[in-house]
Amino acid sequence: MTKFFFIFLILLTSNSFAGTAYELYMSGNKANGIAKWQEDASNGNLSAKYVLGILYNDSAQLGLCDIQDFCIFNKFSNYKKAKKIFTELYDNEGDPRAAYSLAEFYDDHPLIVSNYKKAAQLYLYAAERGIPEAQYNIANMYERGDGLEKDLVQSVRWYLQCNVSSLCGAGHEGIDDLISQLTDEEFEYAKNLVNFDMDDVDIRITVGR
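Residues numbered from 1 in each chain as written. Predicted model: local features only at pLDDT ≥ 70, side-chain atom pairs only at ≥ 80, totals over all residues. Heavy atoms only, no water.

Visitor: An account of the overall build of the chain is needed here, citing residue identities and associated values.
Guide: Secondary structure summary: the chain contains 11 helices and two strands in total. Ordered by position from the N terminus, the helices and strands of the chain form the series α-α-α-α-β-β-α-α-α-α-α-α-α. Split into buried and exposed, the 209 residues of the chain put 46% on the buried side. Within the chain, residue pairs in contact and separated by at least 24 positions form 52% of the contacts whose partners lie at least 6 positions apart. Carbon and sulfur atoms make up 49% of the accessible area of the chain, which amounts to about 10,700 Å² in all. (Helix = DSSP H or I, 4+ residues; strand = E, 2+ residues; numbered from the N terminus. Buried < 20%, exposed > 50% of the residue type's maximum accessible area, 1.4 Å probe, protein only. Contact = heavy atoms within 4.5 Å. Areas by Shrake-Rupley, 256 points an atom, 1.4 Å probe, with all protein chains shown as cover.)

See below:
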């Protein structure tokens, strides 16, 4: 399926964040930044633990293979460790960010057998809790019938929900073809399901500030 890929925004923070794990990491002191995140995670900081999951998942691309156990054979990202972290956050804390990350493991991951049904369940959980990327992906899965029954009403509903966010805010543009397949009553129903008061949940590495 066509997935929504996002790019971490690599933003230098203001001096108010000086000395944080994020500031250390972004200034090039990656090992110390990671050590600080690990310390914060051990003290119950869920965002720090989530960021560690991201770093384990993308360690090879981020050049972290020389740090502790971040890579397998000093070459491949430690997906197993990343998945363990995300699973703990989802199972124990109900963290929607972790649910989204787990969904990606089951959605065309190069080293894991695809399980679209499980991916859809996890995307839906995350979408209902404010993650725009998950809203886009579950809309796509409803549109195609990947992992769940094809449902264009729900597809339009979730595309519209994602459009409320700054991430997907394109109005009805891009889904006119889907809307044209709905009756007026179905389209009104889809629009009425959109929650304009839902807060977006940030899944970027910047949450680890």
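Moving on from the coordinates now.
Visitor: Tell me about the packing of helix α7 (residues 116-128) against helix α8 (residues 132-144), and name the residues and values.
Guide: Remark: α7 packs on α8, axes separated minimally by 8 Å, with the N-to-C direction vectors making an angle of 135°. Judged on the interaxial angle alone, α8 and α7 are oblique. Considering the relative orientation of α7 and α8, their crossing is left-handed. Between α7 and α8, the contacting residues are Tyr116, Ala119, Ala120, Tyr123, Leu124, Ala126 and Ala127 on the first element and Ala134, Gln135, Asn137, Ile138, Met141 and Tyr142 on the second. Taken together, the residues of the contact of α7 with α8 break down into 11 nonpolar, two polar and no charged. (Axes fitted to C-alpha atoms, helices over the stretch in contact; angles between N-to-C directions. Parallel < 35°, antiparallel > 145°, perpendicular 65-115°, else oblique. Left-handed = near helix turned anticlockwise from the far one by under 90°. Nonpolar A, V, L, I, M, F, W, Y, C, P; charged D, E, K, R; others polar.)

Visitor: Run through the packing of aromatic side chains, naming residues and quoting values.
Guide: Summed over the entire model, instances satisfying the criterion amount to seven aromatic pairs. Considering the side-chain rings of Tyr100 and Tyr123, the 5.6 Å spacing of their centres and the 50° angle between planes classify their relative orientation as tilted. Of this pair, Tyr100 sits in helix α6 (residues 96-106) while Tyr123 sits in helix α7, and the two are 23 residues apart along the sequence. Summarising the burial analysis for this pair, Tyr100 and Tyr123 share the class buried. Grouped by ring-pair contacts, the aromatic residues Tyr50, Phe86 and Phe105 constitute a single cluster. Lying across the ring of Tyr125, Arg129 places its NZ or CZ 3.6 Å from the centre. We note Arg209 situated over the ring of Tyr22; from NZ or CZ to the ring centre the distance is 5.4 Å. (Phe/Tyr/Trp six-rings, centres within 6.5 Å; stacked < 30°, edge-to-face > 60°. Lys NZ or Arg CZ within 6 Å of the ring centre and 35° of its normal.)

Visitor: Describe in detail the packing of helix α3 (residues 46-57) against helix α5 (residues 79-93), supporting the description with residues and values.
Guide: For the pair α3 and α5, interaxial distance at closest approach is 7 Å and the crossing angle is 150°. It follows that α3 is roughly antiparallel to α5 by the angle criterion. For the pair α3 and α5, the sense of crossing is left-handed. Only Tyr79, Lys81, Ala82, Ile85, Phe86, Glu88, Leu89 and Glu93 of α5 make contact with α3, whose side of the interface consists of Leu46, Lys49, Tyr50, Leu52, Gly53, Ile54, Tyr56 and Asn57. Its residues assigned to classes, the contact of α3 with α5 comprises 10 nonpolar, two polar and four charged.

Visitor: I'd like a description of the pattern of salt bridges, backed by residues and values.
Guide: Where charged atoms of side chains with opposite charge meet at close range, the side chains can pair. The final tally for this structure, using the stated rule, is eight salt bridges. When the shortest N-O distance is used, the salt bridge between Lys81 and Asp69 registers 3.4 Å. Placement of the pair is Lys81 in helix α5 and Asp69 in the loop between α4 (59-62) and β1 (71-72), with a sequence separation of 12 residues. What makes Asp69 partly exposed here is its relative accessible area of 32%. Two residues, Asp95 and Arg97, come together in a salt bridge whose shortest N-O distance is 2.8 Å. (Salt bridge = Lys/Arg side-chain N within 4 Å of Asp/Glu carboxyl O.)

Visitor: Can you lay out the state of the cysteines for me, pointing to particular residues and giving the numbers?
Guide: Applying the stated criterion across every chain, the model contains two disulfides. Paired through a disulfide, Cys65 and Cys71 show a sulfur-sulfur distance of 2.1 Å. Of note, the bridge from Cys65 to Cys71 carries an S-S torsion of about -75° and is left-handed in sense. Here Cys65 matches Cys71 in class, with each residue buried. The connectivity of the disulfide-linked cysteines in the chain, indexed sequentially, is 1-2, 3-4. (Disulfide = S-S within 2.5 Å.)

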